[in-house]
Amino acid sequence: MTDRPPSSGSDPKQTAQAAGAEQPAVAKKATPKKATPKKAAAKKTTAKKATAKKTAVKKTAAKKTDAATAMTTAKKTAVKKTAAKKTTAKKTAAGEATATKAPVKKAPTKKAPAKKAPAKKAPAKRSPAEAVASAAVPAVGTEAAGLTASAGMALSPAVGVLDRERLLGGTHHDPHSVLGAHPVPGGVAVRAFRPYALGVAVIAGDLQVELRHDGEGFFSGLLPLPDVPEYRLEVAYAGTVQRTEDAYRFLPTLGELDLHLIGEGRHEQLWQALGAHPMTHQGVAGTRFAVWAPNARGVRVAGDFNFWDGTAFPMRSLGSTGVWELFVPGIGEGELYKFEITRPDGSRTLRADPLARRTEVPPATSSVVHASHHEWGDGEWVLRRAQRPAHEAPFSVYEVHLPSWRPGLTYRELAEQLPAYVKDLGFTHVELMPVAEHPFGGSWGYQVTGFYAPTARLGTPDDFKYLVDRLHQAGIGVLMDWVPAHFPRDEWALAEFDGRPLYEHSDPLRAAHPDWGTLEFDFGRREVRNFLVANALYWCEEFHIDGLRVDAVASMLYLDYSREPGQWTPNQYGGRENLDAVAFLQEMNATVYRRVPGVVTVAEESTAWDGVTRATHHRGPSGFGGLGFGLKWNMGWMHDSLQYMSHEPIHRKYHHDEMTFSMVYAYSENYMLPISHDEVVHGKGSLVSKMPGDWWQQRASLRAYLGFMWSHPGKQLLFMGQEFAQGSEWSEERGPDWWLLDPSYGAAADHRGVLDLVRDLNAAYRATPALWARDVHPDGFQWIVGDAADDNVFAFLRHDTEGAPLLAVSNFSPAVRHDYRLGVPDDVPAWLELVNTDAARYGGSDVVHPDPIKPEPQGWHGRPASIRLTLPPLATVWLRPA
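Report on the accompanying structure. Each chain has its residues counted from 1, following the order in which its sequence is written. For a predicted model such as this one, the threshold for reporting local features is a pLDDT of at least 70, and the threshold for listing and counting side-chain atom pairs is 80 or more; totals across whole chains, interfaces and linings nevertheless cover every residue. Calculation of side-chain values draws on the structure's entire complement of heavy atoms; hydrogens and water are dropped beforehand.

### What to know about the overall build of the protein chain
As a reminder, the rule being used: Put simply, DSSP marks the helices as runs of H or I at least four residues long and the strands as runs of E at least two long, and each gets a number from the N terminus on. Every residue pair with non-hydrogen atoms within 4.5 Å of one another is taken to be in contact. For accessible areas, the Shrake-Rupley method is used with a probe of radius 1.4 Å. Any residue's cover is judged against the shown protein chains and nothing else.
Within the protein chain one finds 17 helices and 37 strands. Restricting to contacts in the protein chain with at least 6 residues of sequence separation, those with at least 24 account for 74%. Summed over all atoms, the accessible surface of the protein chain reaches about 33,200 Å², with 52% contributed by carbon and sulfur.

### Some words on the packing of helix α5 (residues 256-264) against helix α11 (residues 526-542)
What counts here: Each axis is a line fitted through C-alpha atoms, taken for helices only over the stretch in contact, and angles between the N-to-C directions span 0 to 180 degrees. Relative orientations are named as follows: roughly parallel for angles under 35 degrees, roughly antiparallel for angles over 145 degrees, roughly perpendicular for angles from 65 to 115 degrees, and oblique for any other angle. Each residue is assigned to one of three groups, with Ala, Val, Leu, Ile, Met, Phe, Trp, Tyr, Cys and Pro labelled nonpolar, Asp, Glu, Lys and Arg labelled charged, and all others, Gly among them, labelled polar.
α11 packs onto α5 with a crossing angle of 110° between their chain directions and a minimal axis gap of 7 Å. Between α5 and α11, the angle is such that the two are roughly perpendicular. Contacts between α5 and α11 involve Leu261, Ile262, Gly263 and Glu264 on the former and, on the latter, Arg526, Glu527 and Asn530. In terms of residue class, the contact of α5 with α11 is made up of two nonpolar, two polar and three charged.

### Looking at the sheet that holds strand β23 (residues 477-482)
Put simply, the rule is: The pairing criterion for strands is at least two bridges between them, as found by DSSP.
Reading around the barrel, the eight strands line up as β19-β20-β23-β26-β27-β28-β29-β30 and close back on themselves, with parallel pairing between neighbours. Across this sheet, the average inter-strand angle for adjacent strands is 25°, counted without regard to direction. Bridge count for strand β29 (residues 671-675) against strand β30 (residues 715-719) is four bridges, and the pairing is parallel. Residue pairing for β30: Ile675 is matched across the bridge by Leu718.

### Here we look at helix α17 (residues 748-767)
Quick reminder of the rule: In this scheme, a helix's expected span is set at 1.5 Å multiplied by one less than its residue total. Three exposure classes are used, based on accessible area relative to the maximum for each residue type with a 1.4 Å probe and protein chains only: buried under 20%, partly exposed in between, and exposed over 50%.
Compared with an ideal rise of 1.5 Å per residue, which puts 20 residues at 28 Å, α17 spans 29 Å between its outermost C-alpha atoms and is within 8% of the ideal. The complete set of buried residues in α17 reads Ala748, Asp750, His751, Gly753, Val754, Leu755, Leu757, Val758, Leu761, Asn762, Ala764 and Tyr765.

### Examining the pattern of salt bridges
Operational definition: The working definition used for a salt bridge is a side-chain nitrogen of Lys or Arg within 4 Å of a carboxyl oxygen of Asp or Glu.
Scanning all chains against the criterion turns up 39 salt bridges. Here Arg529 ties to Glu587 by a salt bridge, and the two come within 3.3 Å at their closest N and O atoms. A residue pair is termed long-range when its members are at least 10 positions apart, and Arg529 in helix α11 and Glu587 in helix α13 (residues 579-595) qualify at 58 residues. Here Glu856 makes a salt bridge to Arg868, at a shortest N to O gap of 3.0 Å.

### Brief notes about the packing of helix α8 (residues 411-425) against α17
Contact geometry for α8 and α17: axes closest at 7 Å, N-to-C directions at 70°. What the angle tells us is that α8 and α17 run roughly perpendicular. Contacts between α8 and α17 pair Tyr421, Asp424 and Leu425 from the former with Leu755, Val758, Arg759 and Asn762 from the latter. A class-by-class count of the residues in the contact of α8 with α17 yields four nonpolar, one polar and two charged.

### A look at α13
Note the following rule: N or O atoms within 3.5 Å of each other form a polar contact, as long as, within protein, one can give a hydrogen and the other can take it, and as long as residues adjacent in sequence are counted only when both atoms are side-chain atoms.
Across its 17 residues, α13 extends 24 Å between first and last C-alpha, which sits within 8% of the 24 Å expected from 1.5 Å per residue. Inspection of α13 places Ala581, Val582, Phe584, Leu585, Gln586, Glu587, Met588, Asn589, Thr591 and Val592 among the buried residues, and these make up the whole buried set. Where α13 is buried, its residues contact β23, α11, β26 (547-550), α12 (553-557) and β27 (600-603). Among the residues of α13, the N-terminal cap falls to Asn578, whose side-chain oxygen and the backbone nitrogen of Asp580 are separated by 3.2 Å.

### Details of the side chain of Thr601
Examined against the element boundaries, Thr601 turns out to sit in strand β27. Here Asn589 takes part through its side chain, which lies 2.7 Å from a polar atom of the side chain of Thr601. Setting aside residues no more than four positions away along its own chain, Thr601 makes contact with Leu548, Met588, Asn589, Val592, Tyr593, Gly628, Phe629, Gly630 and Leu631.

### A short note on the environment of His682
Positionally, His682 belongs in the loop between β29 and α16 (695-711). Accessibility expressed as a relative area gives 68% for His682, which makes it exposed. When the C-alpha atoms of His682 and Trp730 are compared, they prove to be 8.6 Å apart, with 48 residues separating the residues in sequence. Leave out the neighbours within four places in its chain, and His682 touches Trp444 and Glu729.

### Things to note about the environment of Gln722
Considering the arrangement of structural elements, one finds Gln722 in the loop between β30 and α17. The exposure class of Gln722 is buried, given its relative accessible area of 2%. A C-alpha to C-alpha distance of 8.9 Å links Gln722 and Ile675, two positions 47 residues apart in sequence. Apart from residues lying up to four places away in sequence, Gln722 is in contact with Val680, Ser686, Leu687, Leu702 and Val754.

In structure tokens:
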């Protein structure tokens with residue numbers, strides 16, 4: 001953290017004692033601006049005439065209101081040099097110091113030492129000589145200029161030269177030590193910083209004291225009170241007067257425990273400490289702002305409430321944690337804000353809040369003060385979800401891009417349609433493509449700038465909670481894509497947030513992502529890990545998200561990911577593994593599973609990394625502990641099976657292993673089978689368009705493929721639009737082609753047939769434990785025939801925990817195969833057809849088996865019994881015990 005010079009304020013008590021001066025407890029008249037409570041300024045003051053420098057005060061981005069006009073007029077006044085007048089004391093004939101009284105009520109006066117005469121009241125009018133004498137009174141904080149107070153001279157409560165410069169320049173680390181109300185000998189010094197104000201008065205109970213204008217927006221005065229009172233400020237601008245609390249009279253809103261945990265990188269509810277929080281503090285309503293910016297020379301809050309001029313709202317640094325904090329009274333929900341950061345080189349940058357819980361609608365970039373008022377109604381769901389782990393439960397996922405599922409719908413409007421649609425189709429979960437705020441819609445949410453804010457394109461955070469709540473009440477779990485690998489370079493967001501690499505790695509080779517033009521997080525920095533781990537918890541705890549699908553895990557795990565030799569540096573052991581990312585993922589998974597029962601994490605990981613879904617405390621052959629995920633996308637199965645299906649049936653026999661190879665490694669991880677958005681965009685075509693042949697063959701192949709996918713070990717994920725065989729690839733602007741299901745469309749029955757099949761597959765899947773209970777156990781699967789390459793036939797058994805079987809048979813040839821013999825167990829008296837993708841209602845040729853099929857005692861395929869089936873063309877058939 002950048003070294004901070006101490007406050008230049010002096011200790012009036014020490015200086016007065018050194019000078020032998022007496023301080024009467026009477027307040028001076030002065031002109032307006034903010035004041036702050038806290039300790040008295042800390043050093044000796046030396047005497048010298050404090051002349052206020054002329055400083056350029058930055059223009060506001062203010063709206064055209066009367067208040068803005070008032071502030072502009074005041075600004076012109078504030079930048080003129082101000083000769084010190086109406087000073088605190090002048091010499092009397094007896095040589096004693098007398099403070100001028102402000103127009104206030106009675107004020108207690110300290111007794112003078114016995115040998116001195118009592119202080120006289122200042123005369124109503126002063127001579128020119130007296131005015132000159134009073135103008136020579138030194139300001140608090142001028143000890144740096146080498147001044148001292150002479151005997152018989154009273155100290156002024158005005159802000160000192162160095163503090164003044166730092167406040168004007170936005171580089172003060174402790175404005176509360178200067179501004180506000182502070183006990184001093186003779187009373188309470190009040191200092192306020194209110195650029196553009198014409199006058200400031202302090203109101204404490206029945207006492208009202210006008211502060212002196214010290215120039216450049218600084219105001220000061222002495223209250224005739226023994227202790228710091230509760231007070232307010234009355235600030236006069238051109239055409240208006242405002243009564244307001246003084247932001248600099250409040251104690252810090254963050255406690256030592258919060259700061260300790262932040263410093264250790266272990267604050268698991270970081271969003272409750274940092275960001276903007278409406279609250280009542282010391283009996284006053286307002287908003288607490290807090291931000292981590294350890295390299296900043298100073299931080300100020302700017303927003304609509306101060307016309308985007310943060311000059312008068314400097315934040316205080318809370319020690320070595322790098323956290324800056326300010327409680328702003330009178331500010332509440334809905335206010336727009338950003339942080340104005342003075343960087344190490346003295347330049348300034350205006351940044352959105354990294355922990356903002358609400359944002360403006362893009363392309364606007366401001367953060368919004370937010371407090372949640374949603375009342376959850378999903379208590380029963382949350383309790384039930386923890387009863388069975390995801391890998392031993394039915395888990396069928398519908399992937400959705402919310403902005404384009406039904407273009408134009410808000411979160412609340414989606415809540416009226418999406419749960420009903422997903423429930424009707426029988427999916428157990430939805431997976432939402434990234435919901436966190438992102439500036440460019442074409443990134444689909446994978447380049448995040450607001451990690452703690454649901455995108456404002458569709459509504460407020462509470463609106464998004466309402467959608468999740470309604471999905472839960474419909475019995476549907478909610479997964480969310482989460483992107484902790486990288487972030488965009490937008491100058492108003494995280495990139496070089498406080499003037500130096502902060503969230504990104506300090507090594508440019510480690511920071512720049514070679515594929516996406518983004519920046520990678522510095523997973524080795526504890527505060528950055530804390531930011532991300534807490535973010536994972538935030539979505540699970542605050543929004544009741546049931547699972548996180550972690551994007552681009554492979555790009556995090558390897559130092560040489562998409563990098564050529566010479567573009568990366570090996571780890572400390574000479575390897576290519578990113579040890580910092582490994583530690584982060586282990587910490588994230590362990591923390592999420594510990595804190596949020598029933599939640600599952602899913603890795604999008606495309607390599608053969610060992611132990612993605614192994615527990616973090618179990619080491620594998622590679623020497624690493626597991627990463628701790630619950631499930632992993634089976635990218636190998638997806639690639640191989642789609643490659644197989646893309647071949648003409650006559651050529652498929654040469655690629656038979658592309659459908660069987662997945663079973664070689666099926667139990668190395670807990671797998672999910674993903675047909676995601678990535679497979680139906682960017683020229684890849686839709687799922688049905690990948691299938692060869694005419695329109696009938698394409699649909700038949702798609703139906704057969706879906707039947708094979710739902711019966712293969714692993715959980716299923718299908719992207720929206722593919723459930724009804726949309727012919728065109730997905731567009732985030734257009735969304736699914738719902739018109740294909742319109743009864744007035746001539747081919748609607750073809751698309752409805754596929755939709756009906758998906759519904760029936762999900763219903764049969766959920767009702768058949770053999771298809772999900774032993775997904776991750778080798779004894780849950782047995783090949784009947786896996787080598788019938790010439791026939792394009794695959795047949796296997798699935799078993800539940802009790803051993804009850806389901807027989808799945810796929811024929812990826814367009815030929816009907818009559819009396820096809822398959823070996824089966826001899827303990828099943830008869831088999832019933834559960835699903836046949838060739839049924840007429842799905843658009844097939846209706847080669848079905850309406851009657852029970854009885855085994856024959858003839859052994860086949862190494863089994864003691866066998867059955868004879870007529871295999872439909874390009875179809876999958878499921879059979880269950882009768």
